[in-house]
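Remarks on the overall topology
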Amino acid sequence: MQPLLSPKIETGSGRKSSLWRRLLAQRHLQTMALLGVVWMIIFNYIPMYGLIISFKDYNIVKSIAEAPWVGLTHFREFMDDEDLVNVIKNTLGISLIKLLIGFPLPIIFALFLNEVRSLRYKKTIQTISYLPHFLSWVVLGGILATWLADVGIVNNILLSLHLIDQPITYLAEPSYFWTIIISSDIWKELGWSAIIYLAAISGVSPEMYEAATIDGAGRFQKMWFVTLPAIKSTISILFILAVSGVLNSNFDQILVLRNSLNDSASNVIDYYIYYTGIVSNRFSYSAAVTLIKAVIALILLLIANQVSKKINDTSLF
């Protein structure tokens with residue numbers, strides 16, 4: 001009687017040769033990936049050495065190694081800064097409202113756009129909604145400054161409708177700044193942010209919609225009970241990333257639209273770092289603030305990832 005055939009067990013050398021064969025077969029893809037890794041090492045990891053100036057009194061005249069150590073002095077200065085409360089309030093206020101309003105809007109937009117049956121109409125909407133993303137904030141900032149000026153189109157419309165009695169210079173009023181920042185950011189990124197959701201929706205099996213139709217589900221019921229659950233993992237991953245970036249306030253946008261008159265509402269942590277580091281030449285101090293921001297972002301990422309893993313079993317790692 002012949003013995004039963006046993007499964008083939010790969011030895012260490014066998015696994016290595018199999019790995020090399022796969023790498024050789026995928027050499028073109030691996031080369032492309034390797035270039036990305038090299039780019040990340042050069043521009044993301046090597047510059048991390050410069051973070052040690054957070055603990056030094058760095059001066060551009062001397063090298064980083066020659067700068068004297070000062071410990072946590074710069075961190076204490078930031079905690080004692082009189083602008084700290086205003087900076088944190090502006091940063092969290094703008095970012096949390098953007099997260100609350102700006103995060104679900106692309107999902108809703110993608111859901112409704114997916115329901116458009118006319119291909120020509122759908123492409124037209126997509127083109128119009130994507131276009132602002134490809135314009136820099138320098139261009140859009142100039143457009144907004146013109147529209148919101150006291151002789152701009154916004155004031156002309158409101159005056160003609162008798163909604164206001166006299167022109168308002170919106171960018172000079174701190175009370176309007178958050179609204180301008182949030183609404184303009186949504187206008188610029190709404191269509192582009194919906195691309196990922198549209199891609200996820202395209203992967204939903206048509207059989208699920210057919211089954212829902214047989215059960216008597218309408219369009220809104222299909223969106224709620226079929227489409228949304230199918231793209232739940234995509235939403236969760238993007239939400240985790242959005243939470244980790246809650247301290248980012250879109251520096252380009254802020255820099256273009258801020259001025260000395262709306263400083264009380266526009267002084268966010270990104271601009272604060274830029275002003276203290278580049279304008280005031282306090283490199284060590286700004287590096288310390290950047291390090292604090294990075295640590296908080298990492299903590300938020302870990303918390304959001306853990307919460308998402310427990311709630312819907314979806315996580316980054």
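Being a predicted model, the structure only gives us computed values, none of them experimental.

Take the layout of surface pockets next. Of the volumes computed, that of the largest pocket is approximately 820 Å³. Looking at the largest pocket, it is lined by 21 residues, and the ones nearest its centre are Phe-103, Asp-185, Glu-189, Ser-193 and Ala-242. Those elements giving two or more residues to the lining of the largest pocket turn out to be helix 4 (84-102), helix 9 (174-202) and helix 12 (232-244). The element best represented in the lining of the largest pocket is helix 9, accounting for seven residues. Considering only residue class, the lining of the largest pocket consists of 11 nonpolar, seven polar and three charged.

Tracing the sequence through the fold places Ser-184 in helix 9. Residue Ser-184 is classed as buried on the basis of its relative accessible area, which comes to 3%. Among the polar contacts listed, one links the side chain of Ser-184 to the backbone oxygen of Ile-181, at a separation of 3.1 Å. Sequence-distant contacts of Ser-184, that is, excluding residues within four places in its chain, are made with Trp-137, Leu-144, Gln-253 and Leu-257.

Residues Phe-103, Ile-107, Ala-110, Tyr-197, Ile-201 and Ile-235 are the most contacted members of the largest nonpolar core, which totals 23 residues. Looking at this core, the elements that each hand over two or more residues are helix 5 (104-114), helix 9, helix 10 (206-214), helix 11 (219-230), helix 12 and helix 16 (283-312). In terms of residue count, the dominant contributor to this core is helix 5 (five residues). With sequence-adjacent residues up to four places away left out, Ala-110 is seen in contact with Ala-194, Tyr-197, Leu-198 and Ile-201. Counting residues in hydrophobic clusters, the runner-up holds 18 residues, among them Ile-94, Trp-137, Leu-171 and Ile-180.

All right, on to the packing of aromatic side chains then. Applying the stated criterion across every chain yields a total of 15 aromatic pairs. A centroid spacing of 6.2 Å and a plane angle of 70 degrees characterise the contact between Tyr-58 and Phe-283, whose relative ring orientation is edge-to-face. Taken together, the positions of Tyr-58 in the loop between helix 2 (27-45) and helix 3 (73-80) and Phe-283 in helix 16 put the pair 225 residues apart, joining distant regions of the chain. Judged by relative accessible area, which is 23%, Phe-283 ranks as partly exposed.

Orientation of helix 5 relative to helix 11, taken along the N-to-C sense of each, is 115 degrees, at an axis distance of 11 Å. In this structure, helix 5 meets helix 11 at a crossing whose hand is right-handed. In this structure, helix 5 contributes Ile-107, Leu-111 and Phe-112 to the contact, and helix 11 contributes Phe-220, Met-223, Thr-227 and Leu-228. Looking at the contact of helix 5 with helix 11 residue by residue, the classes come out as six nonpolar, one polar and no charged.

Bringing the pattern of salt bridges into the picture now. Tallied over the full model, the rule gives seven salt bridges. The salt bridge partner of Asp-270 is Lys-293, with a shortest N-O separation of 2.4 Å. Residue Asp-270 is located in helix 15 (residues 269-279), and its partner Lys-293 is located in helix 16; the two are separated by 23 residues in the primary sequence. Judged on exposure class, the residue Asp-270 and its partner Lys-293 are both buried.

With that settled, consider the confidence of the model for the protein. On average, residues of the protein score 89 in pLDDT, and 96% of them reach the 70 mark or higher. A low-confidence stretch, residues 1-9 stays under pLDDT 50, and its non-local contacts, those more than four residues away or across chains, total zero contacts.

What counts, and at which threshold
- Residues numbered from 1 in each chain as written.
- Predicted model: local features only at pLDDT ≥ 70, side-chain atom pairs only at ≥ 80, totals over all residues.
- Heavy atoms only, no water.
- 1 Å grid on protein atoms, 1.4 Å probe; cavity = no way out; pocket = protein on both sides within 12 Å on 5 of 7 lines; lining within 4 Å.
- Points joined across faces, edges and corners; volume = space filled by probe spheres on them.
- Helix = DSSP H or I, 4+ residues; strand = E, 2+ residues; numbered from the N terminus.
- Nonpolar A, V, L, I, M, F, W, Y, C, P; charged D, E, K, R; others polar.
- Buried < 20%, exposed > 50% of the residue type's maximum accessible area, 1.4 Å probe, protein only.
- Polar contact = N/O pair within 3.5 Å; in protein donor to acceptor, adjacent residues only side chain to side chain.
- Contact = heavy atoms within 4.5 Å.
- Core = buried A, V, L, I, M, F, W, Y, C linked by side-chain atoms within 4.5 Å.
- Phe/Tyr/Trp six-rings, centres within 6.5 Å; stacked < 30°, edge-to-face > 60°.
- Axes fitted to C-alpha atoms, helices over the stretch in contact; angles between N-to-C directions.
- Left-handed = near helix turned anticlockwise from the far one by under 90°.
- Salt bridge = Lys/Arg side-chain N within 4 Å of Asp/Glu carboxyl O.
- pLDDT = per-residue confidence, 0-100.

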